[in-house]
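Observations on chain architecture
Listed below, chain by chain, are the residues.
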Amino acid sequence: MELKSWGRYPRVTEQRELPVTWTTEPLPLPAGGGSLLPYGQGRSYGDSCLNAGGALLTTTRLDRFLDFNPATGVLRCESGVTLDAILRLVSWQGWFLPVTPGTKFVSVGGAIANDVHGKNHHRAGTFGRHVPRFELVRSDGSRRECSLEQNRDWYEATIGGLGLTGLITWADIQLRRMSNPYIYQETIPLSNVDDFLKLAMESEQDYDFTVAWVDSLGRGRNLGKGLFYRGNHAPPQFDAVPLSKSHLSRRSGLAVPFDFPGFALNRLSVAAFNWLYYHRQRLNRTGLVHYDPFFYPLDGVHRWNRIYGRRGFLQFQCVVPASDTGTAALKEILDRGARSGMPSFLTVLKMFGDVPSPGMMSFPKRGMTLALDFANRGERTYRLVEELDRVTREAGGRVYPAKDARMSPESFAAYYPERERFAKYVDPAFSSSFWRRVNGAG
């Protein structure tokens, strides 16, 4: 089976699969040599989860829960456990994930390795802040239990370390309390980027979760037009609200059955979708929603990445400072995307807070983070993404490695000044297509 990234670009076939079944077993080493890289659910978008010419340590069999204290909310599980599985175990007991990305179909090991973030970064920071302890196994057979108190340097290198420091076998997660499975949400139409900035700043004090959907085709006075969502876990007075049947099932039955033709995503189809989405959603101003569609709207359609066609897509996610320079860069990125003739099918804008991550290579920092998805049209798409990368670099921002497929070594050096310190902790037997690319080694 070909192991891919979620964006399905680049395509890598010359990599072997080495399953890991037990946390106590030595790491399987590829016959004939070659590098190793952990591989969970393959939800990274670019090549940070790929290892051309090497081997992937697949962790789907490391799917066991090891301990859970329902009084404290501390969960210990193996690294291949998915966030979906955690929610099915703990949500009915009044616990929720402290931080969650836009999909629940990621592994715990992947969430740590990419130090994922969510809609509550301004309150809770990254996922790694809520992982007090984990075990790291190196290719030489050594094992390290890592925390702020024990092997702290390895702890800091592994959180956000892209799986390069070794294999995480198990981890502790500090969950957060919730009274019921609902979010009390407010939806507010946005006219432009300045509207977003005002609302995001106003909402940070009173709302745990904030995010904006942006019409990628907006220009001029409509640049940044979209919908701003903010919400909190619903208070106890909503505990008695019954769950609908759609929320009792594990998964939606909807799926994209085949790869869409390359011409399906174009300016007209994206414009029609954006118009319908904006005018339908803006009517739902305030209300109670289950956490599933609030946090994971795309998870309701399985294999949605097929809508971009066989060539896949590139996501560009950056963060730029919350300053005049950063705002100008954000507007330029949106404008370049709108004028490119390659509209972003999904454009998401959020605000990062100043909550620091324990990871030395973590992506988030205080500012505005923008994510755009571009169907892969070859060199045109690559040039566009590289232009957006340049704008980000000149503004003092950075690009997210978990979503990247085109970052240059020069950009990586500018974005991540801790890279040389981090490199000392990279396991000599571990590598990835991303790591070699950003270090000028292929």
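Residues numbered from 1 in each chain as written. Predicted model: local features only at pLDDT ≥ 70, side-chain atom pairs only at ≥ 80, totals over all residues. Heavy atoms only, no water.

- Going by an unreviewed UniProt entry, the protein carries the name FAD-binding oxidoreductase and comes from Archangium minus.

**Concerning the overall build of the protein**
- Tallying secondary structure elements over the protein gives 13 helices and 18 strands in all.
- When the backbone C-alpha atoms are referred to their principal axes, the protein occupies close to 60 × 55 × 45 Å.
- Scored against the burial criterion, the 442 residues of the protein give a buried share of 57%.
- In the protein, the share of contacts with a sequence separation of at least 24, taken over all contacts with a separation of at least 6, comes to 76%.
- Mean positive and mean negative side-chain charge positions of the protein (55 and 44 charges, respectively) differ by 5 Å. (Helix = DSSP H or I, 4+ residues; strand = E, 2+ residues; numbered from the N terminus. Buried < 20%, exposed > 50% of the residue type's maximum accessible area, 1.4 Å probe, protein only. Contact = heavy atoms within 4.5 Å. Lys, Arg positive; Asp, Glu negative; His and termini not counted. Charge placed at Lys NZ, Arg CZ, Asp CG, Glu CD.)

**A closer look at the nonpolar core**
- Ile86, Val108, Phe127, Phe134, Leu175, Phe196 and Phe316 are the most contacted members of the largest nonpolar core, which has 100 residues in total.
- Leu175 has contacts with Phe68, Gly73, Leu75, Ile86, Val90, Trp95, Phe96, Leu97 and Pro98, leaving out every residue within four places of it along the chain.
- Ranked by size, the runner-up nonpolar core spans 12 residues in total, among them Trp6, Leu217, Phe345 and Ala375. (Core = buried A, V, L, I, M, F, W, Y, C linked by side-chain atoms within 4.5 Å.)

**A closer look at the sheet that holds strand β12 (residues 209-214)**
- Taken in spatial order, the eight strands line up as β14-β11-β13-β12-β16-β17-β15-β18 in an open sheet, and their pairing is antiparallel. Every other strand in the sheet has two partners, leaving β14 (286-290) and β18 (398-399) as the edge strands with one partner each.
- Taken together, the eight bridges between strand β11 (residues 182-190) and strand β13 (residues 226-233) define a ladder with antiparallel strand orientation. Residue pairing in the sheet places Pro189 in a bridge with Leu227 of β13.
- Most of the contacts of helix α10 (residues 379-394) go to strand β15 (residues 313-320), to which it runs at about 10°, and overall it touches β15, β17 (367-375) and β18. (Pairing = 2+ DSSP bridges. Axes fitted to C-alpha atoms, helices over the stretch in contact; angles between N-to-C directions.)

**Things to note about the packing of aromatic side chains**
- Tallying each qualifying case throughout the model produces 23 aromatic pairs.
- A centroid spacing of 5.2 Å and a plane angle of 25° characterise the contact between Tyr9 and Tyr382, whose relative ring orientation is stacked. Linking Tyr9 in the segment before β1 (16-19) with Tyr382 in helix α10, this pair joins segments that are 373 residues apart in sequence.
- A relative accessible area of 14% means that Tyr9 is categorised as buried. (Phe/Tyr/Trp six-rings, centres within 6.5 Å; stacked < 30°, edge-to-face > 60°.)

**With respect to α10**
- Spanning 16 residues, α10 covers 22 Å between terminal C-alpha atoms, matching the ideal 22 Å at 1.5 Å per step.
- Buried residues of α10: Thr381, Tyr382, Leu384, Val385, Leu388, Asp389, Val391 and Thr392, and no others.
- At its buried positions, α10 is contacted by β15, α9 (324-339), β17, β18 and α11 (409-415).
- Of the residues trailing α10, Gly396 is marked for its positive phi of about 80°. (Expected span 1.5 Å × (residues − 1).)

**What to know about the side chain of Thr187**
- Tracing the chain through its elements places Thr187 in strand β11.
- Separated by 3.3 Å, the side chains of Thr187 and Gln185 make a polar contact. (Polar contact = N/O pair within 3.5 Å; in protein donor to acceptor, adjacent residues only side chain to side chain.)

**Here's the deal with helix α1 (residues 83-90)**
- For α1, the buried fraction is high: six of the eight residues fall into the buried class.
- Of all the residues in α1, the buried ones are Leu83, Asp84, Ala85, Ile86, Leu87 and Val90.
- Residues of α1 that are buried in the fold lie against β4 (65-69), β5 (74-78), β6 (95-96), α2 (108-113), β9 (167-174) and α8 (291-295).

**A look at the sheet that holds β5**
- As summarised here, the arrangement of the five strands in space is β4-β5-β9-β7-β8, forming an open sheet in which the pairing is antiparallel. Looking along the sheet, the strands with just one partner apiece sit at the ends: β4 and β8 (143-146). The average undirected angle you get between the axes of adjacent strands in this sheet is 10°.
- Sheet analysis places β4 next to β5, joined by four bridges and oriented antiparallel. Opposite Phe68, over in β5, you have Leu75 as the bridge partner.
- Docked against the sheet, α1 engages β4, β5 and β9, running at close to 40° with respect to β4.

**Some points on the pattern of salt bridges**
- This model, assessed by the stated rule, comprises 28 salt bridges.
- A salt bridge links Lys104 to Asp292; the shortest N-O distance between them is 2.6 Å. Linking Lys104 in the loop between β6 and α2 with Asp292 in helix α8, this pair joins segments that are 188 residues apart in sequence.
- In this structure, Glu394 and Arg390 form a salt bridge, with 3.1 Å as the shortest nitrogen-oxygen distance. Here Glu394 pairs with Arg390, and both are found in helix α10, just four residues apart, close to one helical turn.
- Given a relative accessible area of 28%, Arg390 falls into the partly exposed group.
- Sharing partners across several salt bridges, the network here consists of Asp84, Arg88, Lys104 and Asp292. (Salt bridge = Lys/Arg side-chain N within 4 Å of Asp/Glu carboxyl O.)

**Side note on unusual backbone geometry**
- For the bond from Tyr9 to Pro10, the omega torsion is 0°, close enough to zero to count as cis.
- Position of Pro10 relative to the elements: it lies in the segment before β1.
- Of note, the phi angle at Arg303 is positive, near 55°, even though the residue is not glycine.
- By the secondary structure assignment, Arg303 is in the loop between α8 and β15.

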